[in-house]
Amino acid sequence: MKFFARARDLTGCDTVTWTVPPATCVEPLRRRLATEFPAIAVIASHLFVAINGDYASDETIVRDGDEVAFFPPVSGG
Amino acid sequence: MKFFARARDLTGCDTVTWTVPPATCVEPLRRRLATEFPAIAVIASHLFVAINGDYASDETIVRDGDEVAFFPPVSGG
Amino acid sequence: MIQLTHDPIDTQALTESVRSPQAGAVVLFLGTVREFTAGRQTVALDYEAYSAMAVRKMEELVEQARTQWPIEKAAIVHRLGRMELGDVSVAVAVSTPHRHQAFDAGRFLIDQLKIVVPIWKKENWADGTTEWVHPGSPGIAIPGVLLSGEQP
Amino acid sequence: MIQLTHDPIDTQALTESVRSPQAGAVVLFLGTVREFTAGRQTVALDYEAYSAMAVRKMEELVEQARTQWPIEKAAIVHRLGRMELGDVSVAVAVSTPHRHQAFDAGRFLIDQLKIVVPIWKKENWADGTTEWVHPGSPGIAIPGVLLSGEQP
């Protein structure tokens, strides 16, 4: 699991590896994020999520070895 | 009087100097153009006219020493 | 900066000339010589201008654009004389605080340039013929309200 | 050509890279670091990217643009890391047969880049504070339908 920008600032780390039961979707990961990293709780529900470099949603199922990324709204350009 | 692009091709000259009675407007010049340069007759009525570098119309009065220009629709860019 | 030139246009210098710390956006437009136009093959173009009036009209266009958008800097350079395929015939550069202003102002400047600035383009077709380009049907010529067909 | 770089963007090379005899129009857009944003003074910006995804998304944007406009060539370069006032943070170049296509396609690419490409900007304000920029109110995040406030 990767974090970027303010999300990384609030978790204090770039990457973390979690083991989750099969057929877990994104939504429980988002909840676990808020508990494991209290500082990110306030924006946890507003973070975008991507799986293997593609946007995903809370309902998307996570598969073994997937790279999940949580990040705030983008501000490139 | 100046001619540009196809207008110059049809009159065969860049510039011509005419003496006209005071308070002459552009319209009679346009007519005289067609008689003096028969080749330009076909497009004479479609030519734009400018006086001293500003667009004018058939009703604009020509003053002494004015630089009048006749030219086809522009195609810059 | 408004300029007519017979030399190749230095697009880098033009872009640099409009950059500014007050501007968040720069748009550069280049008109380039196309090989095919309406199915006919071009080998070269010749451009001619009523120079004094052309420069004035381009300056007026920039002034007009400044009344519609918060332009930091703007520059227009039109090249004259013979041009080969791919050459840059005209360059418009503009900088503004926000990107949409730069796109709109840049588009306004080139669209209006093609209507009011007294410059003419002669096509040199591959079959050896040449042809002045005069857009649209030559209806009654009312400056500012001109019939102008789609231009490259 | 899509690229992320930590070096200054070579806007001239980018412009040249999209020129083509088949294109009559080239538009280059540059996003530059502005000194004042919403009244606050910026001294520098830091950009960060989820690089692999960012490149993919920019490629997808070009593919999308190609379905809407007859694009000859397109290129996007985004710079990362620390940037000073006036520096170019992003450059989009596109060439098309006609100018309106180039303006529309260029505008589409930068507008969409700011919505979907995972890159983030951190403001370094003159008062010494820093702040990640996250546009719009962080409503429910539905990719593709994003609330995005006006960006420079």
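Coordinates for the structure precede this section.
Everything quoted here is computed from the prediction, not taken from an experiment.

(A) Broad picture of the overall build of chain A. Helix and strand counts for chain A stand at 3 helices and 4 strands. Written out in order from the N terminus, the α and β elements of chain A read β-α-α-α-β-β-β. Computed over the C-alpha atoms, the radius of gyration of chain A is 12 Å, within 12% of the 11 Å expected from 2.2 N^0.38 for a compact globule of 77 residues. Seen along its three principal axes, the alpha-carbon backbone of chain A occupies a region of about 35 × 30 × 20 Å. In chain A, which comprises 77 residues, the share counted as buried stands at 49%. Considering only contacts in chain A between residues 6 or more positions apart, those separated by 24 or more positions represent 49%. Seen as two clouds, the 7 positive and the 10 negative side-chain charges of chain A have centres 4 Å apart.

(B) Quick look at helix 2 (residues 26-36) of chain B. Residue and element names in this part refer to chain B. Of all the residues in helix 2, the buried ones are Val 26, Leu 29, Arg 30 and Leu 33. Down the axis of helix 2, the buried side of the element spans an arc of 100°, and every buried residue falls inside it. Exposed and facing more than 90 degrees away from the buried side of helix 2 are Arg 31 and Thr 35. Those residues of helix 2 that are buried are in contact with strand 1 (2-3), helix 3 (41-44), strand 2 (48-51) and strand 4 (68-71).

(C) Local environment of the arrangement of the chains. Inter-chain contacts occur across 3 pairs of chains; the most extensive set of contacts lies between chains C and D. The two partners chain A and chain B share no contact, and the minimum distance between any of their C-alpha atoms is 29 Å. No part of chain A reaches chain C; the closest C-alpha pair between them is 10 Å apart.

(D) Main features of the side chain of Lys 57 of chain C. Mapped onto the fold, Lys 57 of chain C is located in helix 2 (residues 51-68). Of the residues examined, Lys 57 of chain C reaches a relative accessible area of 8% and is grouped as buried. Sequence-distant contacts of Lys 57 of chain C, that is, excluding residues within four places in its chain, are made with Gly 53, Asp 54 and Tyr 55 of chain B together with Val 116, Val 117 and Pro 118 of chain C.

(E) Broad picture of the packing of helix 2 (residues 51-68) of chain D against helix 3 (residues 99-116) of chain D. Residues and elements named next belong to chain D. It is at 10 Å that the axes of helix 2 and helix 3 come closest, and there the two elements cross at 145°. Considering how the two elements wind past one another, helix 2 and helix 3 form a crossing that is right-handed. Residues Lys 57, Met 58, Leu 61, Val 62, Gln 64, Ala 65 and Gln 68 of helix 2 form the contact with helix 3, whose participating residues are Phe 108, Leu 109, Gln 112, Leu 113 and Val 116. Here the contact of helix 2 with helix 3 is built from residues that sort into 8 nonpolar, 3 polar and 1 charged.

(F) View of the sheet that holds strand 3 (residues 54-55) of chain A. Residue and element names in this part refer to chain A. Across the sheet, 4 strands lie side by side as 1-4-2-3; this open sheet has mixed pairing. The two strands at the open ends of the sheet, each matched to only one other strand, are strand 1 (2-3) and strand 3. Here strand 2 (residues 48-51) runs beside strand 3; their pairing, made up of 2 bridges, is antiparallel. Residue pairing across strands places Ala 50 opposite Tyr 55, the latter belonging to strand 3.

(G) Region of the structure containing the interface of chain C and chain B. Between chain C and chain B, the residue contacts involve 31 residues of the former and 24 residues of the latter. Roughly 2,300 Å² of surface becomes buried between chain C and chain B when both sides are summed, with 60% attributable to carbon and sulfur atoms. Summed over the shared surface of chain C and chain B, the number is 3 salt bridges. Counting across the chain C and chain B interface gives 17 residue pairs in polar contact (both at pLDDT 80 or more). Secondary-structure elements contributing two or more residues to the side of chain C that touches chain B are strand 4 (40-49), helix 2, strand 7 (88-96), helix 3 (99-116), strand 8 (119-125) and strand 9 (130-133) of chain C. Here the side of chain C that touches chain B takes 5 residues from helix 3 of chain C, the largest share from any one element. For the side of chain C that touches chain B, a count of residues per class yields 21 nonpolar, 4 polar and 6 charged.

(H) Molecular detail of the environment of Phe 4 of chain B. On the secondary structure map, Phe 4 of chain B appears in the loop between strand 1 and helix 1 (5-11). Sequence separation between Phe 4 of chain B and Thr 24 of chain B is 20 residues, and the spatial gap between their C-alpha atoms is 22 Å. Every residue in contact with Phe 4 of chain B, bar those within four places of it in the chain, is listed here: Ala 69, Phe 70, Phe 71 and Pro 72 of chain B together with Glu 48, Ala 49, Tyr 50 and Trp 120 of chain C.

(I) Layout of the pattern of salt bridges. This structure, assessed with the given rule, holds 34 salt bridges over all chains. Of the charged contacts, one joins Asp 14 of chain A and Arg 8 of chain A as a salt bridge, the two residues approaching to 3.8 Å between their closest N and O atoms. According to the relative accessible area criterion, Asp 14 of chain A is partly exposed, its value standing at 47%. For Arg 79 of chain C, the salt bridge goes to Asp 87 of chain C, with nearest N and O atoms at 3.6 Å. Overall, the relative accessible area of 19% leaves Asp 87 of chain C in the buried class. Connected through salt bridges with shared partners, the residues Arg 8, Asp 9 and Asp 14 of chain A together with Glu 48 of chain D form a single ionic network.

Rules behind the numbers
- Residues numbered from 1 in each chain as written.
- Chains lettered and ligands numbered in written order.
- Predicted model: local features only at pLDDT ≥ 70, side-chain atom pairs only at ≥ 80, totals over all residues.
- Heavy atoms only, no water.
- Helix = DSSP H or I, 4+ residues; strand = E, 2+ residues; numbered from the N terminus.
- Rg over C-alpha atoms; globule rule 2.2 N^0.38 Å.
- Buried < 20%, exposed > 50% of the residue type's maximum accessible area, 1.4 Å probe, protein only.
- Contact = heavy atoms within 4.5 Å.
- Lys, Arg positive; Asp, Glu negative; His and termini not counted.
- Charge placed at Lys NZ, Arg CZ, Asp CG, Glu CD.
- Arc of directions from axis to C-beta.
- Axes fitted to C-alpha atoms, helices over the stretch in contact; angles between N-to-C directions.
- Left-handed = near helix turned anticlockwise from the far one by under 90°.
- Nonpolar A, V, L, I, M, F, W, Y, C, P; charged D, E, K, R; others polar.
- Pairing = 2+ DSSP bridges.
- Buried area = accessible area lost by both parts, 1.4 Å probe.
- Salt bridge = Lys/Arg side-chain N within 4 Å of Asp/Glu carboxyl O.
- Polar contact = N/O pair within 3.5 Å; in protein donor to acceptor, adjacent residues only side chain to side chain.

Nothing here speaks to function; it is geometry throughout.
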